[in-house]
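Each chain, written out:
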Amino acid sequence: MWSKLIIDMKALTVTKEPLDAEFQELGGRALIAQYMIKNVPPQCDPLGNQNQLLFCNTVFAGTKLTTTHRLSIGSKSPLTGGIKESNVGGYAASLLADQGIKLIVVKELPSSEGLWLLHIDSKGKATLKDASIYQGINNYELVEKIHERFGNKLATISIGSAGERQYKNASIQVSEFGSGHPSRAAARGGLGAVMGSKGLKAIVIEKPEERYKVEYADEAKFNEICQKLNKVIAEAASNDPFHNIGTIATIEVTGANGILPVDNFSGRLFPEYTEVGANKFMTNLATRGGRNKLACQPGCVVQCSNCYNDKDGNYLTSGFEYETIALFGPNCHISDLDAIAQMDRICDDIGVDTIETANTIAVCMEAGKIKWGDADAALSLLKEMADGTEFGRLLGNGCEAVGKSLGCKRIPVVKHQAMAGYDPRNTKGTGITYATSPMGADHTAGLTMGRAFDDTGRTAQAYVSNKLQVAMCFADSMMCIFAFAHTVPVLPLFGELMAALYGGSPDFTRVSVGLGVKTLLTERAYNKMAGMTIEDDRLPDFFYNERSIATGSKFDINNVELEVLFDF
Amino acid sequence: MITSYNVFVPSLMGCGSSLRTGLKVRELGCKKVLVVYDKGLKAVGIADTIVENLRNAGVEIVCFDGVLPDPPDTMIEEAAEIARNEAVDGIVAVGGGSAIDTAKGINVLINNAPPIMQYFGVQKRLKPGVPMVFIPTTSGTGSEVTNMCVISCTSRGNKDSVVSPVCVASLAILDPELTLGLPPKMTASTGVDALAHAVESLTGGNSNPLSDALAREAIRTIAKWLPIAYKDGSNIEAREQMLLASMFAGMAFTNGLVHLGHSIAHTLGAIFHIPHGVACAVALPEVIEYTARTEYKKVRMICECLGVELPEDASPEEIGAAARNALRALIKSVDIPNMKELGIPIEAIAKVAPLVIADAGFALVPYRIPASKVAAILQSAYEA
């Protein structure tokens, strides 16, 4: 049976228990939602003692389903003030599953200042160790020190100085499979600050001597269906630009059609977008000994990750993604891919969300704090954030905090969280997702680009956003969404997979409703109890009032469409 | 709002215009055409007239007279095989929506491998087919001027559609005389189909000023002339006006698209095999009432076209209710039966509603409506 670890940061105790019966058939985002609504008061202070921080595995953890070892991290968000589930690749979920751990719950606050590290050793023993020696140490150095101390057969989950300082844009970084670089981020919503508030610097999970064996209702049947699914995914992935290039390939689409945000979501085009596009990226990889087609977790067939070296061929960053490139690049009028890679490295190192941070830099540019396109000035602002200067600490509180402080009128946030790399006027369904997702402006909650009639039109956008938001809820409970995307023609197989693993009927509604609709409605209920209203489901005014120069489009989705989006 | 005006099909209209079919087909450069129609049309002599007209123009003919109502994919695939084997270089369809949609389906498969179900949805990259000429003999479908065809999927038991430039005719020939023999029941059911196209496209999220204008004119024309054509099928002016309204409504929904009413119609049609127009009409008043919450300006236009006067400050609910009543009165005036009269059991509604929201066209509804509310609409319309 799966275990649950309860870490009490006040008593500094670790308890291992069997996972509660009510959560047995849940995982990932679905488990986070159900746990949160039952155990974490929606009106609590996100950085106070009533909030809890959850790390959990997916519904199919421990099985051979490709990409199923995705780590979901949940809590009440200090950024949005609502429920937050942020999921991340890397090696940690896989080793947690090997350890037989489905859920880690971190409760309470330490009664005195200090830092601790949760160590799960190869024998499955979990202990809290004093980590005050790591205070102020950022993720890359921290991981090196952890490897020196505990060896290399492990995965890390950690925060940098940003999390320790409880920046609202702080991420939780997870080490990649293979390289061990702490470059995979559970980035959104400031969960690093929650980890920092609890004085938990890192979780170290060693590869267990004995691997946990999943209990199946019908193992042979499960493996048969699983093999089918893995085959479908592997075949489709071989033609997927995310595999053959990486997520940066998205720029080749969005750069030309006005979806790529430029100059703080001005709606303009950025003619130099190819400078930060796929060709440049691939050339730099080839000439500098970089790599793509890397798996961030064992057994992944999509392999969208990469390793990006600097001009001298030295490692600079990995997991270098479209969002980071779009938002530090064209959205800050920067076309220097190496400078953007440096920014990515700094963000991973101090542990902040690149989306929130890049949007914060863009509003600094809009407000005249630094010049458009000035990569050096942007890097100095990141340094201020790393150093914890007065302005650096403000930057750490995100795009809205900085925009308001500088008097910026155009602040691209929903539920206080900055938008991802898609202009909602030119992919309106994504705009509907930004507006209505319980997570705030989050593209992974339902990116409709290319899926409705016309990205800049109104027709069918709400329909597609609704369908995708439900699908992303159950996908985030099962596996990585990039692999999931290839399973659309064979979706009912997931119902069969549930039955083969847990028993019962192979009905797909166990997935679509049980993990999808129910999760979404639970999250919305949580946010409502946390004080959010219908007015929180809107985009900032300027998207309704300003035309995108690239297409002439405004965000013209009426409020009724937003308000009835989740009528099921 | 930025919109695109989609005007696809040149049209030739007037009494006797079908006698120019051969001439026009030859002008298109076709030497051997597949003529598509159903057996009923042969019985009334229309098919033979057109075939003879084509032969006289020196065009070689291959006939496909096996068109079935709600054209099934399997029938289309068989017909397409004939077309490919005979290497036709054009298609002429004569008849109602079924014949025209069959022709479109055949054209999709001329240079794209079967089965046709793989092309359901909006298709931008299909290989082109051959020139098509459509000659409607009913006033309802509007299919002669649209870029889509509706097909019954036999393996899934539902209706779906292919939307593609391959479905666009080179020419529509609208000859009101060909509609004179249409019996009153079919005049009524096809007429309310055109009405549904007009009011749904007006209230759809894709509507634009061009489609609005066409839809308004279609509604006005249908309101005036459908009851006349229904009562006196030999009234050529009524027939001409209805054929025109049907074309206008077809052009309107090519731009504005149709939504919930057609999702209901396709679902009822697939389960209970009732005529498409009737299936469109049974809940149409309630559907338009539902749209009034967001599309009240458009629903007000519908009221105006139907001669209903509303106070300046009428609320969306009042506008919706007025439109519902006026549409129901028009539909009743041509004796369209309700669901109860059609013999649909009331218990079926609970099963139909979830299928309606699973229909491919449901994506086009102006705002989200859950299955429970669709069921409420169907219940409200059941005996109305």
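Residues numbered from 1 in each chain as written. Chains lettered and ligands numbered in written order. Predicted model: local features only at pLDDT ≥ 70, side-chain atom pairs only at ≥ 80, totals over all residues.

1. Points about the overall build of chain B
Of regular secondary structure, chain B possesses 14 helices and nine strands. Its C-alpha radius of gyration of 20 Å places chain B within 12% of the 21 Å reference for a compact globule of 384 residues. Each of the three principal axes of chain B carries a C-alpha extent, and together these read 60 × 45 × 45 Å. For chain B, the residues scored as buried account for 59% of the 384 residues in total. In chain B, the proportion of contacts linking residues at least 24 apart, taken out of those at least 6 apart, comes to 79%. (Helix = DSSP H or I, 4+ residues; strand = E, 2+ residues; numbered from the N terminus. Rg over C-alpha atoms; globule rule 2.2 N^0.38 Å. Buried ≥ 20, exposed ≤ 12 C-beta atoms within 10 Å, placed from the backbone. Contact = placed C-beta atoms within 7 Å.)

2. Observations regarding the overall build of chain A
When its secondary structure is counted, chain A shows 22 helices and 17 strands. Taken against the 2.2 N^0.38 rule, which gives 24 Å for 568 residues, the C-alpha radius of gyration of chain A at 22 Å falls within 12% of a compact globule. Each principal axis of the C-alpha atoms in chain A carries an extent, and together these give about 55 × 50 × 50 Å. Out of the 568 residues in chain A, the part that is buried amounts to 61%. Taking all contacts inside chain A whose residues are at least 6 apart in sequence as the whole, residues at least 24 apart take part in 71%.

3. Regarding helix α13 (residues 348–358) of chain B
Helical geometry note: an α-helix holds 3.6 residues per turn, so side chains three or four residues apart project in the same direction. Within the sequence span of α13(B), burial applies to Val352(B), Ala353(B), Leu355(B), Val356(B) and Ile357(B). Packing partners of the buried residues in α13(B) comprise α9 (260–272) and α14 (371–382) of chain B.

4. Structural notes on the sheet that holds strand β7 (residues 148–153) of chain B
Residues and elements named next belong to chain B. Strand order in the open sheet formed by three strands is β5-β8-β7, with mixed pairing between adjacent strands. Each of the sheet's edge strands pairs with one partner strand only, and the pair in question is β5 (121–122) and β7. Pairing of β5 with strand β8 (residues 158–163), which is carried by two bridges, proceeds in the parallel orientation. Across the sheet, the residue bridging to Val 122 is Val 163, located in β8. (Pairing = 2+ DSSP bridges.)

5. Remarks on the domain arrangement of chain A
Residues and elements named next belong to chain A. Partitioning chain A into domains gives domain 1 (3–206) and domain 2 (246–417). Using C-alpha coordinates to define each centre, domain 1 is positioned 25 Å away from domain 2. Listed as interface residues are 40 residues of domain 1 and, on the opposing side, 34 residues of domain 2. If you tally residues by element for the side of domain 1 that touches domain 2, the top one is helix α4 (residues 161–164), at three residues. Class assignment of the residues belonging to the side of domain 1 that touches domain 2 gives a composition of 12 nonpolar, 23 polar and five charged. (Domains from an automatic or database assignment. Nonpolar A, V, L, I, M, F, W, Y, C, P; charged D, E, K, R; others polar.)

6. Observations concerning the sheet that holds strand β15 (residues 315–318) of chain A
Residues and elements named next belong to chain A. Across the sheet, three strands lie side by side as β13-β14-β15; this open sheet has antiparallel pairing. Bordering the open sheet on either side are β13 (291–294) and β15, each of which pairs with just one other strand. For this sheet, the mean inter-axis angle between neighbouring strands, taken without regard to orientation, is 20°. Where strand β14 (residues 305–309) and β15 come together, three bridges link them in antiparallel fashion. Of the residues in β15, the one forming a bridge with Tyr 308 is Thr 317. Running at roughly 70° to β15, helix α11 (residues 337–350) makes contact with β14 and β15 of the sheet. (Axes fitted to C-alpha atoms, helices over the stretch in contact; angles between N-to-C directions.)

7. A few points about the interface of chain A and chain B
Think of interface size as the accessible area that goes away when the parts come together; that is how it is often given. Contact residues are listed per partner, giving 19 residues for chain A and 13 residues for chain B. Mapped by element, the contributors of at least two residues to the side of chain A that touches chain B are α17 (461–475) and α22 (559–563) of chain A. When residues in the side of chain A that touches chain B are grouped by element, the largest group, four residues, is from α17(A). Counted by class, the side of chain A that touches chain B contains nine nonpolar, six polar and four charged residues.

8. Considering the domain arrangement of chain B
All names here are of chain B. Along its sequence, chain B is organised into domain 1 (11–179) and domain 2 (184–382). Taking only C-alpha atoms into account, the centre of domain 1 sits 26 Å from that of domain 2. Taken together, the contacts link 26 residues of domain 1 with 25 residues of domain 2. Of all the elements, β8 adds the most residues to the side of domain 1 that touches domain 2, at four residues. Partitioned by chemical class, the residues of the side of domain 1 that touches domain 2 number five nonpolar, 17 polar and four charged.

9. Considerations on the environment of Thr283(A)
Relative to the helices and strands, Thr283(A) resides in helix α9 (residues 278–288). On the neighbour-count criterion, Thr283(A) (12 C-beta atoms within 10 Å) is exposed.

10. Quick look at helix α8 (residues 250–257) of chain A
Residue and element names in this part refer to chain A. By the burial criterion, the buried members of α8 are Thr 250, Ile 251, Thr 254 and Gly 255. Seen from one end, α8 has its buried residues packed into an arc of 110°, which puts them on one side. Against the buried residues of α8 lie α9 and α10 (322–328). Gly 258 sits one or two positions beyond α8 and adopts a positive phi of about 85°. (Arc of directions from axis to C-beta.)

11. Digging into unusual backbone geometry
A cis amide bond, omega 0°, links Pro114(B) with the succeeding residue Pro115(B). The topology assignment puts Pro115(B) in the loop between α5 (97–110) and β5. One non-glycine residue, Thr67(A), lies in the positive phi region at around 65°. Here His273(B), not a glycine, exhibits a phi torsion of approximately 50°, which is positive. Note on His273(B): 11 C-beta atoms within 10 Å, which makes it exposed.

12. Quick word on the confidence of the model for chain B
In low-pLDDT regions, the fine details of the predicted coordinates are not to be read closely. Summary statistics for chain B give a mean pLDDT of 96 and a share of 100% for residues scoring 70 or more. Here the predicted complex scores 0.93 on pTM and 0.86 on ipTM. (pLDDT = per-residue confidence, 0-100.)

13. Overview of the packing of helix α7 (residues 209–231) of chain B against helix α8 (residues 236–256) of chain B
Residues and elements named next belong to chain B. Their axes nearest at 8 Å, the elements α7 and α8 cross at an angle of 150°. Comparing their axes, α8 and α7 come out roughly antiparallel. In terms of crossing hand, the pair formed by α7 and α8 is left-handed. Contacts between α7 and α8 involve Leu 210, Ser 211, Leu 214, Ala 215, Glu 217, Ala 218, Thr 221, Ile 222, Trp 225, Leu 226, Ile 228 and Ala 229 on the former and, on the latter, Ala 238, Arg 239, Gln 241, Met 242, Leu 244, Ala 245, Phe 248, Ala 249, Met 251, Ala 252, Asn 255 and Gly 256. Considering only residue class, the contact of α7 with α8 consists of 17 nonpolar, five polar and two charged. (Parallel < 35°, antiparallel > 145°, perpendicular 65-115°, else oblique. Left-handed = near helix turned anticlockwise from the far one by under 90°.)

14. Description of the environment of Thr203(B)
All names here are of chain B. Here Thr 203 shows up in helix α6 (residues 184–203). Residue Thr 203 is classed as buried on the basis of its 31 C-beta neighbours within 10 Å. Excluding its chain neighbours within four sequence positions, the residues that come into contact with Thr 203 are Ile 288, Thr 291, Glu 295, Lys 298, Val 299 and Pro 366.

15. With respect to the environment of Thr66(A)
All names here are of chain A. With respect to the helices, strands and loops of the structure, Thr 66 is situated in the loop between β3 (53–56) and β4 (71–76). Sequence-wise, Thr 66 and Thr 551 are 485 residues apart; in three dimensions their C-alpha atoms are separated by 39 Å. Apart from residues lying up to four places away in sequence, Thr 66 is in contact with Asn 230, Ile 233, Gly 299, Cys 300, Val 301 and Ala 483.

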